[in-house]
Amino acid sequence: MGPQEIKPGIYWVGVVDWNLRNFHGYSQTYQGTTYNAYLVLDEKITLFDTVAWKYREEFMCQIAQVVEPEKIDQIVVHHVEPDHAGSLPYVVDRTRPRTIYASKMGEKFLRGRFSCQNWPLETVANGQQISLGKRSAQFAETRMLHWPDSMVSFIPEEKLLISQDAFGQNIASSERFDDWISWPELKREMAHYFANIILPYSDRVPKALEAIQSLGWDIQMIAPDHGLILQSHVADAVAAYQEFAAQKPEKKAVVFYDTMWQSTEKMAEALASGLTAQGVSVKLYHLKSWHHSDVMAQVWNAAAVVAGSPTHNNNVMPLVADMLTYMQGLRPKNKLGLAFGSYGWSGESPDIISRWLEQIGVEQPLDPFGVKHVPGHDTYRELVRTAESLAGHIEDKVRQARTG
Ligand SMILES: Cc1cc2nc3c(=O)[nH]c(=O)nc-3n(C[C@H](O)[C@H](O)[C@H](O)COP(=O)(O)O)c2cc1C
Ligand SMILES: [Fe+2]
Ligand SMILES: [Fe+2]
């Protein structure tokens with residue numbers, strides 16, 4: 001994909017990573033991604049972000065189609081993660097900019113990752129403005145959204161927010177704007193990104209949005225560093241971020257498990273059946289078929305997490321530990337939970353899961369459910385009743401969240 005003018009004199013010069021399936025080593029993407037960078041032609045030619053090292057040469061070609069790279073005067077580094085700053089040493093070497101702007105933490109991170117010898121680094125503070133010539137750029141620090149160095153830029157003359165990872169989505173496409181896919185599809189990809197990257201910092205999202213509001217930015221276009229640029233769905237995207245960050249529980253349960261000989265799977269199905277009978281929407285995930293990032297993409301707005309494992313060598317099975325470890329790091333809020341699993345003799349797994357859920361802050365109104373060997377008819381019915389009881393608690397939780 002060649003460069004594309006997104007506003008008069010402002011170009012998308014990113015690259016499309018069509019074939020990426022694993023994003024940053026922990027999140028699955030089924031539609032690849034893009035590394036977006038933006039070039040503003042003004043009295044001072046300014047580049048906002050770069051791309052992953054792997055694409056450094058393609059990136060220089062993108063720039064060269066718009067302007068001779070040596071003419072770049074300044075580079076703004078919003079975030080030092082390698083997908084956006086990886087090719088920076090290569091770009092600095094070839095463009096020799098007069099100034100490289102980053103937040104205070106950004107500067108520290110740049111010095112930590114690169115040698116930065118003779119780089120004209122300059123730190124910018126929250127709310128600071130720099131001149132591009134006819135236009136200007138104002139910065140807002142968005143600490144821990146999702147790194148300590150993260151910041152965003154606003155070009156008031158164009159009403160353009162360059163939002164970095166915020167509002168990003170893993171979508172590779174020849175189109176650059178949000179109007180070629182449906183809003184539900186775009187929102188789903190935005191939620192997948194949020195749930196796997198920004199979720200632990202949910203509390204900071206409303207504060208960051210307020211801080212941006214207090215700067216008086218009239219945002220008409222949001223250009224993130226991954227995926228599509230928002231112009232038709234700016235307000236929808238801001239509302240979606242507020243919704244993701246609130247993690248308001250819906251009448252939905254995510255059931256995940258692993259199994260050796262299908263007893264735990266039968267338990268999962270019995271629980272799912274009891275929940276469904278009570279009108280709870282269920283997502284049922286055998287962890288050998290589903291990636292932990294896809295499960296998290298459903299957990300953020302679920303009222304309940306139901307986790308199962310057979311006891312395996314006095315422990316849980318490895319994929320269940322993987323899922324729980326991953327979920328623990330992402331710190332989901334407002335969840336009810338239930339632990340379950342089949343066993344042969346010592347039967348530790350439901351209790352291990354239960355303790356883990358407790359550490360994650362998941363409230364468990366019911367005891368862990370262990371079944372020796374295979375669940376028979378009576379046990380199956382008992383599991384259905386347990387799920388119905390959990391559905392009652394889910395109902396209460398959803399009602400409280402709506403009224404509270
Ligand atoms: C390699 C292996 C190790 C096991 N370790 C334990 C154990 O430490 N404690 C226990 O209670 N059961 C243990 N079991 C028995 C299983 O938990 C039991 O067969 C259970 O019903 C399997 O559930 P599943 O059908 O969901 O795989 C083990 C089974 C296997 C194959
Ligand atoms: Fe990032
Ligand atoms: Fe990124």
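It should be noted that the structure appears before, not after, this text.
Chemist: Give me the overall build of the protein chain: which residues, what numbers.
Modeler: When you go through the protein chain residue by residue, the secondary structure sums to 12 helices and 21 strands. The globule rule puts the C-alpha radius of gyration for 404 residues at 22 Å, and the 24 Å found for the protein chain is close to it. Along the longest, intermediate and shortest principal axes, the C-alpha atoms of the protein chain span 75 × 45 × 35 Å. The buried share of the protein chain, taken over its 404 residues, is 58%. A separation of at least 24 residues holds for 73% of the contacts in the protein chain among residues at least 6 apart in sequence.

Chemist: Quick one: what's the story with the packing of aromatic side chains, residue by residue and with numbers?
Modeler: Taken as a whole, this structure holds 13 aromatic pairs when the rule is applied. When the ring of Tyr101 is compared with that of Phe139, the centres are 6.3 Å apart and the planes differ by 40°; the resulting orientation is tilted. Residue Tyr101 is found in strand β10 (residues 99–102), and its partner Phe139 is found in strand β13 (residues 136–141); the two are separated by 38 residues along the sequence. For Tyr101, a relative accessible area of 7% puts it in the buried group. We classify Phe139 as buried; its relative accessible area is 1%. In this structure an aromatic cluster arises from ring pairing among Phe167, Phe194, Tyr241, Phe244 and Trp300. Directly above the aromatic system of Tyr90 lies the positively charged group of Arg56, at a separation of 5.6 Å from the ring centroid. Its end group placed over the ring of Tyr90, Arg94 keeps NZ or CZ at 3.6 Å from the ring centre.

Chemist: Let's hear about the coordination of the iron ion (ligand 3): which residues, and what values?
Modeler: Donor atoms from the polypeptide that coordinate the iron ion (ligand 3) comprise Asp83 (OD), His84 (NE2), Asp165 (OD) and His226 (NE2), at 2.1 to 2.2 Å from the metal. Angles of 87 to 174° at the metal separate the four donor atoms of the iron ion (ligand 3), which places the site in the irregular class. Each donor residue of the iron ion (ligand 3) belongs to the same chain, with the gaps between them written as D-H-x80-D-x60-H. In this structure, the iron ion (ligand 3) lies 3.4 Å away from the iron ion (ligand 2), the two metals sharing Asp165 as a donor. Pair noted here: His84 is in helix α2 (residues 82–85) and Asp165 is in the loop between β15 (160–164) and α5 (183–198), with a separation of 81 residues, a long-range link. With respect to burial, His84 and Asp165 carry one shared label: buried.

Chemist: Any chance you could break down the side chain of His233 for me, citing the residues and the numbers?
Modeler: Within the secondary structure, His233 sits in the loop between β16 (221–224) and α7 (234–246). You can call His233 buried: its relative accessible area is 15%.

Chemist: Residue-level account of the site of ligand 1, with values.
Modeler: In the vicinity of ligand 1 lie 18 residues, with Thr259, Met260, Thr264, Asn314 and Ser342 positioned nearest. Between an oxygen atom of ligand 1 and a main-chain N or O atom of Thr311, the distance comes to 2.7 Å. The backbone of Asn313 places a nitrogen or oxygen atom 2.8 Å from a nitrogen atom of ligand 1. Calculation on ligand 1 without its partners gives an accessible area of 650 Å², and the protein chains cover 83% of this total. Those elements that provide at least two residues to the shell around ligand 1 are α8 (263–277) and β20 (336–343).

Chemist: Would you mind going over unusual backbone geometry in detail, with residue names and values included?
Modeler: Omega for the bond connecting Leu145 with His146 falls within 30 degrees of zero, at 5°, which places this linkage in the cis form. Considering the arrangement of structural elements, one finds His146 in the loop between β13 and β14 (151–155). Residue Arg96 is not a glycine yet carries a positive backbone phi of 45°. Inspection of the secondary structure assignment puts Arg96 in the loop between α3 (88–95) and β10. With relative accessibility at 59%, the residue Arg96 sits in the exposed group. Even without glycine at this site, Gln262 takes up a positive phi of about 75°.

Calculation criteria
Counting restarts for each chain: residues are numbered from 1 in the order of the written sequence. Here the convention is simple: chains get letters from A, ligands get numbers from 1, in the order in which they are written. Per-residue local features are limited, in this predicted model, to residues with pLDDT of at least 70; the limit for side-chain atom pairs, both in listing and counting, is 80 or more; totals at the level of whole chains, interfaces and linings are taken over all residues. Calculation of side-chain values draws on the structure's entire complement of heavy atoms; hydrogens and water are dropped beforehand. Strands are runs of DSSP state E lasting at least two residues, helices are runs of H or I lasting at least four, and both sets are numbered from the N terminus onward. Put simply, the radius of gyration uses C-alpha atoms, and a globule should come to 2.2 Å times the residue count raised to 0.38. Relative accessibility under 20% of the residue-type maximum defines a buried residue, over 50% an exposed one, and the middle range a partly exposed one, all with a 1.4 Å probe and only protein chains included. Any two residues having at least one pair of non-hydrogen atoms within 4.5 Å are treated as being in contact. Put simply, two rings from Phe, Tyr or Trp (the six-membered ring, in Trp's case) pair if the centres are within 6.5 Å, and we call them stacked under 30 degrees between planes, edge-to-face over 60, tilted for the rest. Throughout this description, the term charge over a ring refers to an Arg CZ or Lys NZ atom that lies within 6 Å of the ring centre and within 35 degrees of the ring normal. In this analysis a donor is any N, O or S atom within 2.8 Å of a metal ion (3.2 Å for sodium, potassium and calcium), and since water is not included, sites may seem incomplete. Only four donors with every angle between 85 and 135 degrees are called tetrahedral; only four or six donors with opposite donors over 155 degrees apart and all others between 65 and 115 are called square planar or octahedral, in that order; all others are irregular. Proximity is defined per residue: any heavy atom of the residue falling within 4 Å of a molecule or strand makes that residue near it. Here a polar contact means two N or O atoms within 3.5 Å. Within protein one must be a hydrogen donor candidate and the other an acceptor candidate, and residues neighboring in sequence count only if both atoms are side-chain atoms. Each accessible area is a Shrake-Rupley result for a 1.4 Å probe, and residues are judged covered by the shown protein chains and nothing else.

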